[in-house]
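Commentary on secondary and tertiary structure
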Amino acid sequence: MQRSARADVAGEEGGSVAPEPQQRASGTQRPSGTQTRAQQTPPRSRPSGQTGPQDDFARLVQRNTVDVRQQDAAARRRRRNPVVGKIALGLAVVSAAVDASAFAVFMGGDTKFAFGICFVVVFLTLIAAVLGFIAAVGSFGRWYGAIGVVVAFLANPVILIVLLVMVAPEVLTDMGG
């Protein structure tokens, strides 16, 4: 009596099928022919102390979810205090206010005092612009720093005079006399 090779492989029971893997503990059962991806792939054993991107990826695929804990921790580490950008913006706003007061003093007739105030405002806007640039580039309050640079640029008396000469030169001829 000869037995086929299949019968030898299947064993003495006459070719019985291997039992299905255990179902999840949640109580949901699938029809006998369907299996989840985690049930289809056997768990891989890895040497102790060896983890890598492939193993993490396989774990995430098996769980059918994304692990965002590590991404959140990295984002918290990179986030810096926006105090430099806020200082730059505040200094730019203060310099714009001082520049407006210098213009009011100039219109009142005290040109020497207005000229002195303008020197102070030039240096204030320069400091505000440098701090805003550092904040924008170094992510110490990017938006505060960028807005601070723009406000400092527009509040600078030298820039205002150049813009006034380009836009309306007839206004400057009336101011001198």
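Summarised in this report is the structure supplied together with it. (Residues numbered from 1 in each chain as written. Predicted model: local features only at pLDDT ≥ 70, side-chain atom pairs only at ≥ 80, totals over all residues. Heavy atoms only, no water.)

**Re the overall build of the chain**
- Within the chain, the regular secondary structure consists of 9 helices and 0 strands.
- For the chain, with 177 residues in total, the buried portion stands at 15%.
- When contacts within the chain are restricted to residue pairs at least 6 apart in sequence, long-range pairs at least 24 apart make up 56% of them. (Helix = DSSP H or I, 4+ residues; strand = E, 2+ residues; numbered from the N terminus. Buried < 20%, exposed > 50% of the residue type's maximum accessible area, 1.4 Å probe, protein only. Contact = heavy atoms within 4.5 Å.)

**Re the packing of aromatic side chains**
- Overall, the coordinates contain 1 aromatic pair when judged by the stated rule.
- Ring centres of phenylalanine 115 and phenylalanine 119 lie 5.0 Å apart, and the angle between their planes is 80°; on these two criteria the pair is classed as edge-to-face. Linking phenylalanine 115 with phenylalanine 119, this pair stays in helix α6 (residues 111–137), spanning 4 residues, or about one helical turn.
- Relative accessible area serves as the criterion here: at 54%, phenylalanine 115 is assigned to the exposed category.
- The class of phenylalanine 119 is partly exposed, set by a relative accessible area of 46%. (Phe/Tyr/Trp six-rings, centres within 6.5 Å; stacked < 30°, edge-to-face > 60°.)

**Here's the deal with α6**
- Taking 1.5 Å of rise per residue, 27 residues should cover 39 Å, and α6 covers 38 Å from first to last C-alpha, within 8% of that figure.
- Within α6, the full set of buried residues consists of Ala114, Ile117, Val121, Thr125, Ala128, Gly132 and Ala135.
- Here the buried face of α6 lies against α5 (83–108), α7 (142–155) and α8 (157–167). (Expected span 1.5 Å × (residues − 1).)

**Things to note about a nonpolar patch on the surface**
- There is a patch of nonpolar side chains on the surface, built from Phe115, Phe119, Phe123, Leu126, Val130 and Ile134 and spanning about 620 Å² of accessible area.
- By the secondary structure assignment, isoleucine 134 is in helix α6.
- Residue class for isoleucine 134 comes out partly exposed when judged on its relative accessible area of 42%. (Patch = residues over 30% accessible without salt bridge, like charges linked within 9 Å, V, L, I, M, F, W, Y side chains within 5 Å. Areas by Shrake-Rupley, 256 points an atom, 1.4 Å probe, with all protein chains shown as cover. Salt bridge = Lys/Arg side-chain N within 4 Å of Asp/Glu carboxyl O.)

**So, the side chain of threonine 125**
- Mapped onto the secondary structure, threonine 125 falls in helix α6.
- Side chain to side chain, threonine 125 and asparagine 156 meet in a polar contact 3.4 Å long.
- Setting aside residues up to four positions removed in sequence, threonine 125 forms contacts with Ser95, Ala152, Ala155 and Asn156. (Polar contact = N/O pair within 3.5 Å; in protein donor to acceptor, adjacent residues only side chain to side chain.)

**Examining α5**
- An ideal rise of 1.5 Å per residue puts 38 Å on 26 residues; α5 measures up with 37 Å between its terminal C-alpha atoms.
- All of the buried residues along α5 are Gly85, Ala88, Ala92, Ser95, Asp99 and Ala102.
- Against the buried residues of α5 lie α6, α7 and α8.
- Positive phi appears at glycine 109, one or two residues downstream of α5, with a value of about 115°.

Distances and angles like these do not, on their own, reveal function.
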